[in-house]
Amino acid sequence: MRASIFASVLAAAAVCGGLLLAVWLVLRPAGAALRTAEFSSATLTPDADGLDDVLRIRYELARPALVSIFLLDAAGTRYTFRSASQRSSGSHAVLFSGIVDGFALAGETVSAEILARVLPAGDYTWVVAAAAPGGDSERRGTLSILSQPAPLPDVRGFSVSPLVFTPNRDGISDRVWINAYLAAPAKLDVSLIDDAGAARPIPEREGTIAPGAAGLHTFEYEGGVDLGVNPPPDGTYSVVALAQDALGQRVRAQGKLAIELGGVPRAEIVNAAVSFEPATIVQGEALNFSLTVENYGTAPLRTTGPAPGYAYKQNENANTLGWFEESGAWRVGLDCDTCIRDYPWRWALGTPEELTKIGDYYYLMPGQRVTISSSVLITDVPERNPLYFWAGLIHEDVEISNVNNRVDPFFVTIVPRN
Ligand SMILES: [Ca+2]
Ligand SMILES: [Ca+2]
């Protein structure tokens, strides 16, 4: 009886021991995660001369770990190359060209955010550290940087103007200029970045300075509207300048830009139809017309006077009334065979009551239709008689598209008054 209890205890102990052994085999501490680490050179001259510019870091992990690679200067300041990056077990190699995460030097003024920078000359301790369950481990060595650091391609005086941009070809705030002063030669890219992080590159204005040279660079953006492409949706965007030099030093400057009332302007004389009357005009009477304009685009159309209903005299034109051509404004005009200038008689796309005032200007809004009726008093009998009159829809200083030019010509006979 006693012997059998003893045997049972012995058996239980054996089973427990076996389980413990199995657990230990599975969970045993595996030793340091970082087996080896080395830098292929103890010196580096990161000056892009092709000599001793790059070294190779090799390390081996016994199991997956978070790997950090950094350098410590004599004062203990830490310069980060890799920060807690997840790496699998096995051998790893990475090139190092002296570029570490951005840092500022004591007493230095830098306008832009420094993203990456070359280590200054000096003696450093390199550290490769692996953090893994069961214990952290690291290896150390020395590295001397023997070249003087290249100047940072700082971006100074970064500006976005205007801050509110209306890419709709109305002649008001249709372009944005971005200025950036590059302190040292570098590749300079400027982009518009939306909330989702999608970037649209903004081209550099040509001809002022060689791309990448130190000095003032200007970028110009019209939202694509000039090419008939819809601009980015209305909203607030970041404008980001990134400069990167030959060594890989990188800086970033940032501003904001609001896009409002954006869109490609599109309008037409509805059905390309104009009702003119009468076909025979006695000198001293008026030629009357009526037509309908529709804004079928997504941008509001800016317009300027005089308002429809203003009765021109034949020898008047919009300029003599003081309504000069305005770049980007839309107007309806009448023209004739003997007219000396294009569309001398011009009217706004609606009355102030029909239009929408935005800022100091009046607009025909997307989807809106307006009927314009007015007249020209015929005071002279032209040399060419009878003659054609026609209408047009003019986007001043931009274009009269073919569908909106010479619309519905009407043959008129002018009878002299005795
Ligand atoms: Ca070198
Ligand atoms: Ca505009």
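Worth saying up front: this structure is predicted, and the values here are computed from it rather than measured.

**Overview of the sheet that holds strand 16 (residues 215-221)**
Each strand in a sheet pairs with another by means of backbone hydrogen bonds, the pair being arranged parallel or else antiparallel.
Right, on to step 1. Strand order in the open sheet formed by 3 strands is 11-13-16, and the pairing between neighbours is antiparallel. In this open sheet, the two edge strands, each paired with only one partner strand, are strand 11 (155-161) and strand 16. Strand-to-strand twist across the sheet, computed as the mean angle between neighbouring axes with direction ignored, equals 10 degrees.
Right, on to step 2. Pairing of strand 11 with strand 13 (residues 176-182) involves 5 bridges; the strand directions are antiparallel. By the bridge assignment, V160 is partnered in strand 13 with I178.

**A short note on the coordination of the calcium ion (ligand 1)**
Right, on to step 1. The coordination sphere of the calcium ion (ligand 1) contains the protein donors T45 (O), T45 (OG1), D47 (OD), D49 (OD), L51 (O) and D53 (OD), at a distance range of 2.2 to 2.4 Å.
Right, on to step 2. Taken together, the 6 donor atoms coordinating the calcium ion (ligand 1) span angles of 69 to 161 degrees at the metal, a pattern that classifies the geometry as irregular.
Right, on to step 3. Here the donor residues of the calcium ion (ligand 1) share one chain and are spaced in sequence as T-x1-D-x1-D-x1-L-x1-D.
Right, on to step 4. With relative accessibility at 35%, the residue D47 sits in the partly exposed group.

**Re unusual backbone geometry**
Right, on to step 1. Residue P162 follows S161 across a cis peptide bond; omega there is -5 degrees.
Right, on to step 2. For P162, the location among the structural elements is in the loop between strand 11 and strand 12 (164-165).
Right, on to step 3. Looking along the chain, the bond that leaves G305 and enters P306 is cis, with omega of 0 degrees.
Right, on to step 4. Phi at L261 takes a positive value of approximately 55 degrees, unusual for a residue other than glycine.
Right, on to step 5. Looking at the secondary structure, you find L261 in the loop between strand 18 (250-259) and strand 19 (267-269).
Right, on to step 6. One non-glycine residue, A272, lies in positive phi territory at about 50 degrees.
Right, on to step 7. Within the fold, A272 resides in the loop between strand 19 and strand 20 (275-277).
Right, on to step 8. Looking at A272, the relative accessible area reads 41%, which means it is partly exposed.

**Observations concerning the sheet that holds strand 5 (residues 78-87)**
Right, on to step 1. The mixed open sheet is built from 5 strands, whose spatial order is 2-10-9-4-5. Each edge of the open sheet carries a strand with a single partner, namely strand 2 (43-44) and strand 5.
Right, on to step 2. Here strand 9 (residues 122-132) runs beside strand 10 (residues 135-145); their pairing, made up of 11 bridges, is antiparallel. Counterpart to A132 in the pairing with strand 10 is G135.

**Thoughts on the pattern of salt bridges**
Right, on to step 1. Under the criterion given, the structure shown has 17 salt bridges.
Right, on to step 2. Between E60 and R35 there is a salt bridge whose closest N-O contact spans 3.6 Å. One end of the pair, E60, is in strand 3 (residues 55-61); the other, R35, is in strand 1 (residues 34-39), with 25 residues separating them in the sequence.
Right, on to step 3. For R175, the salt bridge is made with D226, and the minimal N-O distance between the two is 2.9 Å. Linking R175 in the loop between strand 12 and strand 13 with D226 in the loop between strand 16 and strand 17 (235-244), this pair joins segments that are 51 residues apart in sequence.
Right, on to step 4. Salt bridges linked by common partners bring R169, R175, R205, E220 and D226 together as one network.

**Points about the pairing of strand 31 (residues 407-415)**
On a regular strand, each side chain points to the face opposite its neighbour's, so the side chains alternate between the two faces of the sheet.
Right, on to step 1. As defined by bridge partners, strand 21 (residues 280-282) adjoins strand 31 across 3 bridges and the pair is classed as parallel. Bridge pairing in strand 31 places T280 opposite T413.
Right, on to step 2. By the bridge criterion, 4 bridges tie strand 30 (residues 387-395) to strand 31 in an arrangement that is antiparallel. Looking across to strand 31, one finds that L387 is bridged to V412.

**Examining the coordination of the calcium ion (ligand 2)**
Right, on to step 1. Around the calcium ion (ligand 2), the protein contributes the donor atoms T166 (O), T166 (OG1), N168 (OD1), D170 (OD), I172 (O) and D174 (OD), at 2.1 to 2.4 Å from the metal centre.
Right, on to step 2. Taken together, the 6 donor atoms surrounding the calcium ion (ligand 2) define angles of 70 to 164 degrees at the centre, an arrangement classified as irregular.
Right, on to step 3. Look at D170 and you get buried, because its relative accessible area is 1%.

**Re the packing of aromatic side chains**
Right, on to step 1. What the rule picks out here adds up to 12 aromatic pairs.
Right, on to step 2. With a centroid separation of 4.7 Å and an interplanar angle of 45 degrees, the aromatic rings of Y388 and F411 are classed as tilted. Of the two residues, Y388 is situated in strand 30 and F411 in strand 31; the sequence distance between them amounts to 23 residues.
Right, on to step 3. Judged by its relative accessible area of 43%, F411 falls in the partly exposed class.
Right, on to step 4. Following the ring pairs from residue to residue traces out a cluster consisting of F39, F81, F96 and W126.
Right, on to step 5. In this arrangement the basic side chain of R82 is found over the ring face of F81, its NZ or CZ atom lying 4.2 Å from the centre.

**Comments concerning the nonpolar core**
Right, on to step 1. Counting residues in hydrophobic clusters, the biggest one holds 34 residues, and the most contacted among them are F289, L291, V293, W345, L349, I372 and F389.
Right, on to step 2. Of all the elements in the fold, those that place two or more residues in this core are strand 19, strand 22 (286-295), strand 25 (330-336), strand 26 (345-347), strand 29 (369-377), strand 30 and strand 31.
Right, on to step 3. Setting aside anything within four residues of it in sequence, one finds L291 in contact with I269, A273, V274, V332, V370, T371, I372 and A391.
Right, on to step 4. Among the nonpolar cores identified, the runner-up in size contains 27 residues, and Y59, L61, V67 and A130 belong to it.

**Structural notes on the domain arrangement of the chain**
Right, on to step 1. By the assigned domains, the chain splits into domain 1 (34-145), domain 2 (155-259) and domain 3 (267-415).
Right, on to step 2. When each unit is reduced to the centre of its C-alpha atoms, the spacing between domain 1 and domain 3 is 71 Å.

Reading guide: rules and limits
- Residues numbered from 1 in each chain as written.
- Chains lettered and ligands numbered in written order.
- Predicted model: local features only at pLDDT ≥ 70, side-chain atom pairs only at ≥ 80, totals over all residues.
- Heavy atoms only, no water.
- Pairing = 2+ DSSP bridges.
- Helix = DSSP H or I, 4+ residues; strand = E, 2+ residues; numbered from the N terminus.
- Axes fitted to C-alpha atoms, helices over the stretch in contact; angles between N-to-C directions.
- Donors = N, O, S within 2.8 Å, 3.2 Å for Na, K, Ca; no water.
- Tetrahedral: all angles 85-135°; square planar, octahedral: opposite > 155°, others 65-115°.
- Buried < 20%, exposed > 50% of the residue type's maximum accessible area, 1.4 Å probe, protein only.
- Salt bridge = Lys/Arg side-chain N within 4 Å of Asp/Glu carboxyl O.
- Phe/Tyr/Trp six-rings, centres within 6.5 Å; stacked < 30°, edge-to-face > 60°.
- Lys NZ or Arg CZ within 6 Å of the ring centre and 35° of its normal.
- Core = buried A, V, L, I, M, F, W, Y, C linked by side-chain atoms within 4.5 Å.
- Contact = heavy atoms within 4.5 Å.
- Domains from an automatic or database assignment.

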